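Each chain, letter by letter, is given below.
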Amino acid sequence: MTSQSTMLLIAFLAVLLVLSYPLGKFIVQVAAGSSDHAPVTGFGWFNRIEQWLYRCAGIQAKSEMNWKHYALALLLFNTIGALATYGLQRLQVWLPLNPQHFANVGPDSSFNTAVSFITNTNWQGYAGEGTMSYLTQMLVLAVQNFFSAATGIAVAFALIRGFSRHSAQSIGNFWTDVTRSTVYVLLPLSVIFSVFLISQGVIQNFDSYKDANIIQSLDYQQPKVGADGQPVNDAAGKPVMEAANTKVQTLAMGPVASQEAIKMIGTNGGGFFNANSAHPYENPTPLSNFMQMLAIFLIPAALCFTFGFMVGDIRQGWAVLAAMTVIFVIMTAVVMYAEQQVHPGLTAMGIDQGQSLLQSGGNMEGKETRFGISASALFAAITTAASCGAVNAMHDSFTALGGLVPMALIQMGEVVFGGVGSGLYGMLVFAIMAVFIAGLMIGRTPEYLGKKIQSFEMKMTSIAILATPMLVLGGTAIAVMATAGVAGILNPGAHGFSEILYAFSSAANNNGSAFGGLSANTPFYNVMLAIAMWFGRFIIIVTILAMAGSFAAKKRLEPNSGTMPTHGPLFIVLLIGVVVLVGVLNYVPALALGPVVEHLQMFAQ
């Protein structure tokens, strides 16, 4: 790591801590008010509007749900969202706010996108500025950015209530949780952040695309598109290319800032443009880049403090946050180091890749010069640790070791800060596993926060931990054996395998980033990845809610001399060990076939 990388990482973590602690205290009011509807500080004027919304929707806001009803409401809400997202894509050519007259999106791509956005994955097999109308971008994609994030927060609230309550049958009301999370947390933060982004140069308009004359005509190859607006493939499943020439560059316009804000704050990651946060209209300056990184981690970090306050012991929140931070710092240091190293193949050609006053050195392929290696590597670690998936550099162009880090962060289960809500409840699953292992070591029934960990909780924990690796490894195995799966590989060998493994890791763990060398906008990958996204999201959520209901019904046990403290350094080390060993161990053979082999081949040549 360079001194610049070190200072950037320290500054990022310091500002994050300063901002997340007060936000965590504020979110406590949002969660607590779901049952008593107490006004939230600064939003007392909205309390009557909130009650009016519940009456209009016919919601019994003061009636709480058991975990089964909570889960059914959540699944119903997200299923309706998926249908709406699918339907609008299939009808956009006949709807307003489509100045470029984009055609309806194909059925398999619409299906994939609908599942992607309601699961907080935001995997994009399409180029947003060449596929989606402004109405589609705003009315379903941006709206689902809010609702998918609010769903994650609601599940986190439910699990925290499970720990904080005793001898109770309810874990809250899903409808009030998702409403309050949206209007009191996500919406205000997004408004503030979107205004900041506009001040940095992010565009926000409804103009038609602009044409700019270029000095020299450009010859290029582009995928041939059929009448349905989808790429035409040959018999081998590869895109058919056609020659083209232009003297004009088309500049895409649109309401970008409003979508960019919730894309980051909600750890969604789906970009308005195909280049995502590498595009200057989404992320124009180093300051906007720094603030976007903060926005990704802000709510996940704040929820750690919310957890501590709601269970009555802030030390518990600090312990979870400490475990997340230690893993994050180590992984970030590795990717920063890897990307700053010289490539042996280029060194053999006599190319100077050393860092100096005249050049950044290292691996600048796929990175924006306005960000450089340090900010690009840090962004990659943040977005994959947080299940965001937004990118300001192309992960496919990272070194083998540099690309391994984002993939490993995803495969840990997106618990290192993780997604909004999902990072906290995912880490608490590992905390339950950690105290269970500790209990086995000393021959004592494990407890966490005064609740006994019994067979039902461990069954749910096992399902939550094992479901995602099964989806990732099973999907990868099918893809490398199927003709349609292999056809999407543009880079042969170990890197091509890494592209497929990364795609299924990203989908099942609801991240959404990709190794861009994989041609994934095909019926095979659209369907397979959608299946991984759906079950990777909702199997985990249902098991979490089941545990929340079980914990809420249990009596609270008072700590005694035999109770293992879950707020000290010993537990933090144990928790880190469980996350690393249990979370990543399932993937070691697959990683050995992909990035590890690629790294060794780089030096063998």
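The following refers to the structure shown. Since the model is a prediction, treat every value here as computed from it, not as a measurement.

**Focus on the packing of helix α7 (residues 256-265) against helix α8 (residues 286-310)**
In the contact formed by α7 and α8, the axes pass within 7 Å of each other and the chain directions differ by 50 degrees. Taken together, the axes of α7 and α8 are oblique relative to one another. Along its contact with α7, which presents Glu 260, Met 264 and Ile 265, the element α8 presents Gln 292, Ala 295, Ile 296 and Ile 299. Its residues assigned to classes, the contact of α7 with α8 comprises 5 nonpolar, 1 polar and 1 charged.

**Comments concerning the pattern of salt bridges**
Here the structure, examined in full by the defined rule, presents 10 salt bridges. Linking Arg 165 and Glu 64 is a salt bridge whose minimum nitrogen-to-oxygen distance equals 2.7 Å. Here the residue Arg 165 occupies a position in the loop between α5 (134-164) and α6 (174-200), and Glu 64 occupies one in the loop between α2 (47-57) and α3 (67-91), the gap between them amounting to 101 residues. The buried category is assigned to Arg 165, whose relative accessible area is 19%. Of the charged contacts in the structure, one is a salt bridge between Glu 457 and Lys 554, with a shortest N-O distance of 3.5 Å.

**Thoughts on the nonpolar core**
In terms of nonpolar packing, the biggest core is built from 173 residues, with Phe 12, Phe 163, Phe 297, Phe 307, Phe 328 and Tyr 448 touching the most fellow members. Ranked by residue count, the leading element in this core is helix α17 (residues 523-553), at 17 residues. Here Phe 163 is in contact with Phe 307, Val 311, Leu 428, Ile 432, Tyr 448, Leu 449, Lys 451, Phe 551 and Arg 556, once residues within four sequence places are set aside. Judged by nonpolar contacts, the second largest core, of 8 residues, contains Val 105, Phe 117, Met 132 and Leu 141.

**Side note on the packing of aromatic side chains**
If you walk through the whole model with that rule in mind, you get 33 aromatic pairs. Seen in terms of ring centroids, Tyr 21 and Phe 305 are 5.0 Å apart; in terms of plane orientation they differ by 75 degrees. Their pairing is edge-to-face. Linking Tyr 21 in helix α1 (residues 3-36) with Phe 305 in helix α8, this pair joins segments that are 284 residues apart in sequence. In this structure Phe 305 comes out as buried when scored by relative accessible area, which is 0%. Relative to Tyr 525, the ring of Phe 504 has its centre 6.4 Å away and its plane inclined at 50 degrees; by these criteria the two rings are tilted.

**Description of the environment of Val 202**
With respect to the element layout, Val 202 can be found in the loop between α6 and β1 (210-223). Owing to a relative accessible area of 3%, Val 202 belongs among the buried residues under this scheme. Taking the C-alpha atoms as reference points, Val 202 and Ile 463, separated by 261 residues in sequence, lie 42 Å from one another. With residues up to four places along the chain from it excluded, the contact list for Val 202 reads Leu 197, Val 256, Ala 257, Tyr 281, Glu 282, Asn 283 and Pro 284.

**A word on the side chain of Asn 78**
In this fold, Asn 78 is placed in helix α3. A residue is classified by how much of its surface remains accessible, and Asn 78, at 2% relative accessible area, is buried. Of note is the side chain of Asn 78, whose polar atom sits 2.8 Å from the backbone oxygen of Leu 74. For Asn 78, the residues in contact, after removing those within four places along its chain, are Ile 118, Thr 151 and Phe 538.

**Overview of the state of the cysteines**
Taken as a whole and judged by the stated rule, the model has 0 disulfides. The structure places no disulfide on Cys 304, whose sulfur is separated from the nearest cysteine sulfur, that of Cys 388, by 17 Å. A relative accessible area of 0% places Cys 304 in the buried class. Classification of Cys 388 as buried rests on a relative accessible area of 0%.

**Observations regarding α3**
Here α3 is 25 residues long and its end C-alpha atoms lie 36 Å apart, about the 36 Å a rise of 1.5 Å per residue gives. Those residues of α3 lying buried are Tyr 70, Ala 71, Ala 73, Leu 74, Phe 77, Asn 78, Gly 81, Ala 82, Thr 85, Leu 88 and Gln 89. With a side-chain oxygen positioned 3.2 Å from the backbone nitrogen of Lys 68, the residue opening α3 is Asn 66.

What counts and what doesn't
- Residues numbered from 1 in each chain as written.
- Predicted model: local features only at pLDDT ≥ 70, side-chain atom pairs only at ≥ 80, totals over all residues.
- Heavy atoms only, no water.
- Axes fitted to C-alpha atoms, helices over the stretch in contact; angles between N-to-C directions.
- Helix = DSSP H or I, 4+ residues; strand = E, 2+ residues; numbered from the N terminus.
- Parallel < 35°, antiparallel > 145°, perpendicular 65-115°, else oblique.
- Contact = heavy atoms within 4.5 Å.
- Nonpolar A, V, L, I, M, F, W, Y, C, P; charged D, E, K, R; others polar.
- Salt bridge = Lys/Arg side-chain N within 4 Å of Asp/Glu carboxyl O.
- Buried < 20%, exposed > 50% of the residue type's maximum accessible area, 1.4 Å probe, protein only.
- Core = buried A, V, L, I, M, F, W, Y, C linked by side-chain atoms within 4.5 Å.
- Phe/Tyr/Trp six-rings, centres within 6.5 Å; stacked < 30°, edge-to-face > 60°.
- Polar contact = N/O pair within 3.5 Å; in protein donor to acceptor, adjacent residues only side chain to side chain.
- Disulfide = S-S within 2.5 Å.
- Expected span 1.5 Å × (residues − 1).

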